[in-house]
Amino acid sequence: MASTATATRAWGTKPTVTAANSADVGQQWFFLTNKDSSNNPIGSYRLVNRYSGLVLGMSSDSSRLAESTPPRSWANSTGNPVGGTRNETEQALTFTAVGTSGGQNVALNKPASAQSAQGSRVASLAVDGDPTNNSYWSADPYAQWWKVDLQSLYTLSSVSITNYVDGSRYYQYNIQASTDWTTIATKSNTAVATSAGDSYPVNVQARYLRVNITFNSANAGVHIANFTATGS
Ligand SMILES: [Ca+2]
C-alpha cells in the first residue's frame, strides 16, 4: 500500500512487507476491535489501511493469500465475481503478544482467589508461572469466577489465559478489569484450547482482573493453567 500513489489502493492489492525499522511502518494500518452483538470484544481484530480504507484479508486461497478487501460481516455465497467467496473470517485476525515492550507479567505470583476450588487445585496455581496441565486451578461446575489482585494499579497492554489442554476441548469465558469490572476480552467461539493459550491486546488500567468461565465442552469443570497480564 503506497502512501504517495493511488495505484495500490484498489481492492485486491497484495501488501508488501517491509523491514521493522522502515520509516513508515506502523503508520499505514490501524486496528478495529471486533465485537459481538452485545458490543463485547471477541478477541479478534481487523487491520485497516489508512490510505485505502480497506482491511487486510488473509486466506488459504493461493490466488489471494493476503490482500486488501472491503470490510464485511457476511459471507458471499452468490457466486458474484465481485464478492468472490470472501467471508468475514478472512478479515478476523488474532494477535499474539511477543517480547517485553509492554512490560512484565504483573500477575505472576500475585494473590489469586476464586469462587471455589477442587482440593489442591487452588486459585494460585493459575499464576505460579507453570503454564502446563501440571499446575492449574480447577472448580466445578461452570460457571465460576477466578480473580487476581495485581496489588497496584497497572496500565495493561495484554492479558492471556491458558486453560486445560487435551487437544479437543474448548472453553468459553470473559475477562473483566476493575475498578469497574469492564469486560476486556470475551471468548464465545469454539476454538480448541491450546498450550499457547489465548492472548488479548488491551489498553486498560486495572488492579484486579477476573475471569468468568462460562463453559467447558469436555465436562462441567473450569480450569486455568496460566494467566498473565502484561503491563507496567
Ligand atoms: Ca499454573
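Here the structure is a predicted model, which is why all the values come from computation and not from measurement.

(A) Quick look at the domain arrangement of the protein chain. When cut into domains, the protein chain gives domain 1 (7-90) and domain 2 (104-231). Put simply, the middle of domain 1 and the middle of domain 2, counted by C-alpha atoms, are 30 Å apart. Opposite the five residues of domain 1 that make contact, domain 2 presents nine residues. Looking at the side of domain 1 that touches domain 2, its residues break down into two nonpolar, two polar and one charged.

(B) Geometry of the pairing of strand β8 (residues 144-162). Relative to β8, strand β6 (residues 112-114) is paired through three bridges, and the arrangement is antiparallel. Opposite alanine 112, over in β8, you have valine 148 as the bridge partner. With 13 bridges connecting them, β8 and strand β11 (residues 198-216) associate as antiparallel partners. Bridge pairing links serine 158 to proline 201 in β11. Judged from the six bridges that link them, β8 and strand β13 (residues 226-231) form a sheet pairing that is antiparallel. Its bridge partner being in β13, threonine 162 is matched across the sheet by asparagine 226.

(C) Expanded view of the nonpolar core. Judged by nonpolar contacts, the single largest core of 37 residues is most densely connected at Ala126, Trp137, Val159 and Ile224. Only β6, β7 (137-139), β8, β9 (171-178), β10 (182-187), β11, β12 (222-224) and β13 provide two or more residues apiece to this core. Counting residues per element, this core draws most heavily on β8, which supplies seven residues. In this structure, alanine 126 is in contact with Ala112, Tyr136, Trp137, Trp146, Ile224, Ala225, Asn226 and Phe227, ignoring residues within four places of it in sequence.

(D) Layout of the environment of threonine 186. Examined against the element boundaries, threonine 186 turns out to sit in strand β10. Accessibility expressed as a C-beta count within 10 Å gives 21 for threonine 186, which makes it buried. Each C-alpha atom of the pair threonine 186 and asparagine 174 lies 4.1 Å from the other, and the pair is twelve residues apart in sequence. Those residues in contact with threonine 186 that lie beyond four places of it in its chain are Asp36, Asn40, Pro41, Ile42, Gly43 and Asn174.

(E) Spotlight on the pairing of β11. With eight bridges joining them, β9 and β11 adopt antiparallel strand pairing. Across the sheet, the residue bridging to alanine 177 is leucine 209, located in β11.

(F) Geometry of the environment of leucine 125. Within the element layout of this structure, leucine 125 appears in the loop between β6 and β7. In this structure, the C-alpha to C-alpha distance between leucine 125 and alanine 2, residues 123 residues apart in sequence, is 49 Å. Discounting chain neighbours no more than four positions away, the residues touching leucine 125 are Ser135, Tyr136 and Trp137.

Here is what the cut-offs are and how they apply
- Residues numbered from 1 in each chain as written.
- Predicted model: local features only at pLDDT ≥ 70, side-chain atom pairs only at ≥ 80, totals over all residues.
- Domains from an automatic or database assignment.
- Contact = placed C-beta atoms within 7 Å.
- Nonpolar A, V, L, I, M, F, W, Y, C, P; charged D, E, K, R; others polar.
- Pairing = 2+ DSSP bridges.
- Helix = DSSP H or I, 4+ residues; strand = E, 2+ residues; numbered from the N terminus.
- Core = buried A, V, L, I, M, F, W, Y, C linked by C-beta atoms within 7 Å.
- Buried ≥ 20, exposed ≤ 12 C-beta atoms within 10 Å, placed from the backbone.

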